[in-house]
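Each chain, written out:
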Amino acid sequence: MSKKQFSKKPKFQKKLRQDIQQIFTDNPKSVFNYKQISGFLEVSDKVLRKLVYDTLLGLVDDGMIQETARGKFKSASNQQLIEGVVDAARRGIAYIITDSFEEDVFVSSNNRGGSIHGDRVKVKILKKGRNKKKVEGKIVEIIDRDKRRIVGTLDVQSKHAFLIPDNSKMDVDIFIPTGKLKNGVTGEKAIVKITDWPESAKNPFGEVVEVLGAADSNDVQMKSILSTYGISFSFPEEVIEESNKVNIELDPLEIKKRKDYREILTFTIDPVDAKDFDDAISVEFLENGNIKLGVHIADVAHYVTPGSALDKEAEQRGNSVYLVDRVVPMLPEHLSNGVCSLRPNEEKFTFSAVFELDNEGKIKNEWFGKTVICSDRRFTYEEAQAIIESGEGDHAEAINKIDKIAKTLRKNRLYKGGLEVVSSEIRFELDDEKNPISVYKKTSKDANKLIEEFMLLANKKVAAFAGK
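Residues numbered from 1 in each chain as written. Predicted model: local features only at pLDDT ≥ 70, side-chain atom pairs only at ≥ 80, totals over all residues. Heavy atoms only, no water.

Caption draft 1: A look at the overall build of the protein. Looking only at helices and strands, the protein has twelve helices and 24 strands in total. For the protein, the C-alpha radius of gyration of 30 Å lies well beyond 23 Å, the compact-globule estimate for 468 residues. Look at the contacts in the protein between residues 6 or more apart in sequence, and 58% of them connect residues 24 or more apart. Of note, the protein has its 75 positive side-chain charges centred 10 Å away from the centre of its 75 negative side-chain charges. (Helix = DSSP H or I, 4+ residues; strand = E, 2+ residues; numbered from the N terminus. Rg over C-alpha atoms; globule rule 2.2 N^0.38 Å. Contact = heavy atoms within 4.5 Å. Lys, Arg positive; Asp, Glu negative; His and termini not counted. Charge placed at Lys NZ, Arg CZ, Asp CG, Glu CD.)

Below is the structure:
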């Protein structure tokens with residue numbers, strides 16, 4: 001590829017513009033001509049020097065720099081730039097959501113600079129707006145669009161295609177050459193990335209990243225929703241490979257470093273449709289009439305080490321996402337539903353808060369540290385509730401004992417001004433095809449409150465311990 005051809009590439013032009021801007025930002029009081037700027041950039045080719053000069057003139061037009069004399073340039077003294085995210089509105093106008101101002105910055109349709117809803121941009125604040133009560137700006141640079149993915153429906157023609165975005169704030173369709181369709185057909189949902197938006201074009205250019213399938217499919221609709229909000233329903237290959245290398249069998253040397261709770265009665269209480277069990281309760285009756293209660297949390301950090309591909313992916317996701325018919329876990333299923341799930345009759349590494357409690361819930365002793373456990377039973381909330389109400393069933397003595405203590409803890413906590421949130425959760429019953437067939441309200445009962453109370457106790461005491 002010749003230098004002339006290379007210079008016409010949009011990514012090169014964008015990088016050149018950014019580099020030139022940075023020179024003036026670093027030298028706000030200096031005056032440079034295009035030859036000096038070319039020297040800073042180590043550009044000697046005549047064609048590229050011409051491009052440097054044209055870029056300088058473009059920056060002058062955008063108000064980013066000023067031309068003090070013919071061919072001489074310096075940083076614009078009145079330049080005020082802020083960063084923000086485009087929130088598109090009707091008739092082509094937009095607002096920039098930014099921390100720099102209390103109110104959003106208004107951008108007229110002719111000052112959008114080829115931006116689309118959701119883009120992170122740099123905005124020049126104009127001296128005068130049409131409405132003096134509003135802060136008005138002009139978008140001068142699109143900072144982050146390369147990673148943007150847009151979900152919509154394909155409309156395929158004989159020589160080209162368009163993606164019609166699902167998001168109504170995306171006020172422009174995306175042009176897709178037929179060679180970039182990945183065999184997508186009209187009516188199918190697809191994920192597209194924008195590759196270019198030439199100044200002469202009415203629509204941005206894009207290519208299909210993934211064809212999701214028929215728009216009337218429940219699975220496709222769910223994936224569309226996830227993709228619209230930037231939530232990936234799959235993991236990068238590197239992350240999957242790293243996850244699969246984790247051995248579900250426990251390291252004997254690591255077991256020796258931990259307190260061993262494998263012989264202590266331990267169980268989980270979770271929703272009926274739960275697949276990942278990340279917390280468990282252990283109960284041990286003591287000779288003095290007290291109980292030793294352990295709150296055990298899966299020790300994910302033992303497997304997800306700082307700086308690893310798993311760690312970076314988890315940091316980017318931040319949490320698991322729960323939809324009506326599925327869960328998108330923060331970590332691959334081998335970890336979330338396997339290695340780190342406190343399933344019954346499987347030895348697991350945990351981090352624990354252990355309390356000696358009397359019948360009134362007063363803490364006599366406490367301990368925090370790494371443990372190894374083996375859950376004896378997995379209860380659903382409904383099963384645990386039935387045991388609480390009837391007094392009969394598996395481990396009924398332990399469950400009813402800690403339920404009474406939990407109720408005492410709750411009573412004391414609320415008396416001291418603790419927060420009580422009373423709400424009903426709407427749940428759907430699904431058929432084998434994951435279609436909703438009925439809806440019902442899920443209310444919080446004693447079994448739910450039991451787990452909540454001991455999780456609160458553990459968190460409070462760990463926070464106090466760390467604070468000291």
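Caption draft 2: The arrangement of unusual backbone geometry in detail. Even without a glycine there, the phi angle at Asn183 is positive, about 65 degrees. One can find Asn183 in the loop between strand S11 (174-177) and strand S12 (188-196). Note on Asn183: relative accessible area 76%, which makes it exposed. For Asn345, which is not glycine, the phi dihedral falls at a positive 65 degrees. Tracing the backbone shows Asn345 in the loop between helix H9 (333-339) and strand S20 (347-357). (Buried < 20%, exposed > 50% of the residue type's maximum accessible area, 1.4 Å probe, protein only.)

Caption draft 3: Here's a closer look at the environment of Ser424. As for its placement among the helices and strands, Ser424 is situated in strand S23 (residues 424-430). Each residue touching Ser424, except ones within four places of it in the same chain, is listed here: Lys441, Lys442 and Thr443.

Caption draft 4: Fine view of helix H11 (residues 396-415). For H11, spanning 20 residues, the distance from its first C-alpha to its last is 28 Å, which sits close to the expected 28 Å at 1.5 Å a residue. Phi turns positive one or two residues past the end of H11, at Gly417, with a value near 100 degrees. (Expected span 1.5 Å × (residues − 1).)

Caption draft 5: Seen up close, the packing of helix H10 (residues 381-390) against helix H12 (residues 446-467). Closest axis-to-axis distance for the H10/H12 pair is 8 Å, and the angle between their directions is 105 degrees. Taken together, the axes of H10 and H12 are roughly perpendicular relative to one another. Each of Tyr381, Ala384, Gln385 and Ile388 in H10 lies in contact with H12, whose residues at this interface are Asp446, Ala447, Asn448, Leu450 and Ile451. Its residues assigned to classes, the contact of H10 with H12 shows six nonpolar, two polar and one charged. (Axes fitted to C-alpha atoms, helices over the stretch in contact; angles between N-to-C directions. Parallel < 35°, antiparallel > 145°, perpendicular 65-115°, else oblique. Nonpolar A, V, L, I, M, F, W, Y, C, P; charged D, E, K, R; others polar.)

Caption draft 6: Examining the nonpolar core more closely. Core analysis: the biggest nonpolar cluster contains 30 residues, and Phe267, Ile269, Ile281, Leu293, Ile402, Leu450 and Phe454 have the highest contact counts within it. Elements supplying a minimum of two residues to this core: strand S15 (266-270), strand S16 (279-285), strand S17 (291-298), S20, H10, H11 and H12. In this structure, Ile269 is in contact with Phe379, Thr380, Tyr381, Ala384, Leu450 and Ile451, ignoring residues within four places of it in sequence. Ala298, Tyr303, Leu310 and Leu342 belong to the second largest nonpolar core, which has 25 residues in total. (Core = buried A, V, L, I, M, F, W, Y, C linked by side-chain atoms within 4.5 Å.)

Caption draft 7: Region of interest: the sheet that holds strand S2 (residues 65-69). Spatial ordering of the open sheet is given by S1-S3-S2, a layout of three strands whose pairing is antiparallel. Where the open sheet ends on each side, the last strands, each with one partner, are strand S1 (31-33) and S2. This sheet shows a mean twist of 40 degrees between the axes of neighbouring strands, independent of strand direction. As paired strands, S1 and strand S3 (residues 72-75) are joined by three bridges and run antiparallel to one another. Looking across to S3, one finds that Val31 is bridged to Lys74. Contacting S2 and S3, helix H4 (residues 46-61) crosses the sheet at an angle of about 110 degrees to S2. (Pairing = 2+ DSSP bridges.)

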